[in-house]
Amino acid sequence: MDLFSHSWTALRTAVAEVPDEDFERPCGCTGWRVRDLVCHLVIGAQDVLITLVTPSDSEPTVDGVTYWGIVEPPTGEDPLDALVPRLAAAYGEPRWLKFHFDDVGSAAGRAAQLADPAAVVSTRDETLTVGDFLSAYVLEWTLHHLDLIAHLPSAAEPPAEALAAVRATLEKIAGTPFPASFSDKDALLVSTGRRSPTDEERAALGDFAARLPLVIG
């Protein structure tokens, strides 16, 4: 839960520090601008709030790793993918989007700190403990932090411990470790298709390169 708070605070701080003019820059999500990603993060914060107040009497069906799975790459035909840019544009000035993100994001952060990590909650037709749910969201926040700063070279990076934790999660999902020569950041970017591997990296990946990218959902 501490890592959730740390990664979420770092991401919220990074968004707050993005100059207004950079909200029109592309981000690491293909076809989206920074403003679209921030709007998506508002929706993510709402999902956290909703899940934390959706208790379940059932036994957990997933944990912080199995919550995620490998899915088909997006085709751009998902209605939500098209809705997010329209919602982001509706805010008009970046300051209003920043304000809403900070408002909902702060609430999600406080709710996470107050939640019982052993409680079981329901989301996406699965059940899991609050602790595992928040652990799973470290992956979401960290990958999107990398998306946020993809074309903002002066922006702060995700916390090192979050990068390491997400690498470990992705290795468990993939069922194999990434080459030791990869930094945690490079392991995340290459394995999820956020950048192509270099020739040297592809050689280090060996047969695993053919399984990339890992599209997590």
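Notes on the structure follow. (Residues numbered from 1 in each chain as written. Predicted model: local features only at pLDDT ≥ 70, side-chain atom pairs only at ≥ 80, totals over all residues. Heavy atoms only, no water.)

For helix α7 (residues 184–191), the complete set of buried residues consists of Ala187, Leu188, Leu189, Val190 and Ser191. Where the residues of α7 are buried, they touch α5 (130–148), α6 (160–174) and α8 (199–205). Of the residues flanking the end of α7, it is Gly193, one or two places downstream, whose phi is positive at about 80 degrees. (Buried < 20%, exposed > 50% of the residue type's maximum accessible area, 1.4 Å probe, protein only. Helix = DSSP H or I, 4+ residues; strand = E, 2+ residues; numbered from the N terminus. Contact = heavy atoms within 4.5 Å.)

Glancing now at a nonpolar patch on the surface. On the surface, a cluster of nonpolar side chains totalling about 220 Å² of accessible area is made up of Leu80, Leu83 and Leu87. A relative accessible area of 34% means that Leu87 is categorised as partly exposed. (Patch = residues over 30% accessible without salt bridge, like charges linked within 9 Å, V, L, I, M, F, W, Y side chains within 5 Å. Areas by Shrake-Rupley, 256 points an atom, 1.4 Å probe, with all protein chains shown as cover. Salt bridge = Lys/Arg side-chain N within 4 Å of Asp/Glu carboxyl O.)

Looking at the element boundaries, Gly109 is found in helix α4 (residues 94–114). Taking the relative accessible area as the measure of exposure, Gly109 reaches 12% and is therefore buried. Note: C-alpha distance between Gly109 and Arg12 (97 residues apart in sequence) is 10.0 Å.

So, about the packing of helix α1 (residues 2–16) against helix α2 (residues 34–52). Two numbers describe how α1 lies on α2: the axes approach to 12 Å, and their chain directions differ by 150 degrees. In terms of orientation, α1 lies roughly antiparallel with respect to α2. Helix-helix and strand crossings are classified by hand; for α1 and α2 the assignment is left-handed. Where α1 abuts α2, its residues Phe4, Trp8, Leu11 and Val15 lie against Val38, Leu41, Ala45 and Val48. Broken down by class, the residue content of the contact of α1 with α2 amounts to 8 nonpolar, no polar and no charged. (Axes fitted to C-alpha atoms, helices over the stretch in contact; angles between N-to-C directions. Parallel < 35°, antiparallel > 145°, perpendicular 65-115°, else oblique. Left-handed = near helix turned anticlockwise from the far one by under 90°. Nonpolar A, V, L, I, M, F, W, Y, C, P; charged D, E, K, R; others polar.)

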